[in-house]
Amino acid sequence: MNTQWSTQTPVGDFVKDNVLCAKTFEDLSIDFCCGGANSLEDACQEKGLKPKEILNQLQKLENLAPEADSEIKKLTPGQLTEHIEEKHHKYLKDAFPRIASLMGKVLSAHGGRHPELQELQTAFTHLREDLEPHLVKEERVLFPLIKKLEFQGLGNHMKATAGPIRVMLAEHDRAGELLKKIREITSGFKTPEDGCGSFNALYEELKFLEEDTHLHIHKENNILFSKLETIN
């Protein structure tokens, strides 16, 4: 049992210590990426949950923590940027056009009976329009800067990343709000009774998009950026 965890522990720290906690938070609609600084108690109270009961659930996951999770925390900032690009940036670049195509197909077939699909398409389009240039800024500006400064020895030079990081944090918050809107529109990604296979596939894709993007943002906000603050 992790004796360092309590109901006052920030939710982002749970996922930082054990990535399996992310699934529990996803199921409870608790924001652990942009809202990672909120304590477990505050997050639970906002959702009408009992903090001690949720803490017990999270404690039970400790022995199941994958080795890869602990390895991620050992990465240097530069190595972590490479991991994020290879795993999460690549996923988004592949997923966005695939989901957009599926969205158009489902909207065409079911839009008449499900007007919420138009709102869903708008929210997804805004998310894509926000995150695609966001990835470019990270890959061309922030991440190369981090790797360059790391190569030069880090130290106080990492303060040069403060400005770009503030921009990234604001854009992460915006993405978090859009993901929350998508979850609300889809009623938690529940396919309607008259939904076809494509309808179900769309909601499954959107659910995974939410899960991966939350973990992506968590790794940047709560691990990468935290490492840089420590160095500063």
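Predicted model, so just to flag it, every value in this text is computed and none were measured. (Residues numbered from 1 in each chain as written. Predicted model: local features only at pLDDT ≥ 70, side-chain atom pairs only at ≥ 80, totals over all residues. Heavy atoms only, no water.)

Asks: An account of the overall build of the chain is requested, with residue identities and associated values reported.
Replies: When you go through the chain residue by residue, the secondary structure sums to nine helices and zero strands. Walking the chain from its N terminus toward its C terminus, one meets helices and strands in the order α-α-α-α-α-α-α-α-α. A compact globule built from 232 residues would reach a C-alpha radius of gyration of about 17 Å, and the chain, at 19 Å, matches this within 12%. Projected onto its principal axes, the C-alpha coordinates of the chain cover approximately 60 × 45 × 30 Å. (Helix = DSSP H or I, 4+ residues; strand = E, 2+ residues; numbered from the N terminus. Rg over C-alpha atoms; globule rule 2.2 N^0.38 Å.)

Asks: Mind laying out the side chain of His-216, listing which residues take part and the relevant values?
Replies: On the secondary structure map, His-216 appears in helix α9 (residues 197-231). Discounting residues that sit within four places of it in the chain, His-216 has contacts with Ile-84, His-88, His-89, Leu-92, Leu-135 and Glu-138. (Contact = heavy atoms within 4.5 Å.)

Asks: Quick rundown of unusual backbone geometry? Include the residues and the values.
Replies: Look at Ser-187: it is not a glycine, yet its phi comes out positive at around 55 degrees. Along the chain, Ser-187 turns up in the loop between α8 (162-185) and α9. Its identity is not glycine, yet Phe-189 carries a phi of approximately 65 degrees, on the positive side. Tracing the backbone shows Phe-189 in the loop between α8 and α9.

Asks: Provide a residue-level description of the nonpolar core, including the pertinent values.
Replies: Formed by 29 residues in total, the largest nonpolar core has its most connected members in Leu-120, Leu-202, Leu-206 and Leu-209. Within the residue set of this core, elements represented by two or more residues are α6 (77-110), α7 (116-152), α8 and α9. If one sorts the elements of this core by residue count, α6 sits on top with nine residues. With residues up to four places along the chain from it excluded, the contact list for Leu-209 reads Tyr-91, Leu-92, Phe-96, Ile-99, Phe-124 and Leu-127. Formed by 17 residues, the second largest nonpolar core is a distinct cluster that contains Val-15, Ala-43, Cys-44 and Leu-55. (Core = buried A, V, L, I, M, F, W, Y, C linked by side-chain atoms within 4.5 Å. Buried < 20%, exposed > 50% of the residue type's maximum accessible area, 1.4 Å probe, protein only.)

Asks: Lay out α7 with the relevant residues and their values.
Replies: An α-helix turns once every 3.6 residues. As a result, residues three or four positions apart point the same way. With 37 residues, α7 ought to run about 54 Å at 1.5 Å a step, and its terminal C-alpha atoms sit 52 Å apart, in line with that. At Glu-138, α7 shows its largest bend, some 40 degrees. Positive backbone phi, approximately 115 degrees, marks Gly-153, located one or two places after α7. (Expected span 1.5 Å × (residues − 1). Bend = angle between axes of the 7 residues up to and from the residue.)

Asks: Tell me about the pattern of salt bridges, and name the residues and values.
Replies: Applying the stated criterion to the full structure yields 14 salt bridges. Of the charged contacts in the structure, one is a salt bridge between Glu-205 and Arg-98, with a shortest N-O distance of 2.7 Å. With Glu-205 in helix α9 and Arg-98 in helix α6, the pair connects residues that are 107 residues apart, well separated along the chain. Overall, Arg-98 belongs to the partly exposed group, its relative accessible area being 38%. In this structure, the salt-bridge partner of Arg-183 is Glu-210, at a minimum N-O distance of 2.8 Å. Of the two residues, Arg-183 sits in helix α8 while Glu-210 sits in helix α9, which places them 27 residues apart along the sequence. (Salt bridge = Lys/Arg side-chain N within 4 Å of Asp/Glu carboxyl O.)

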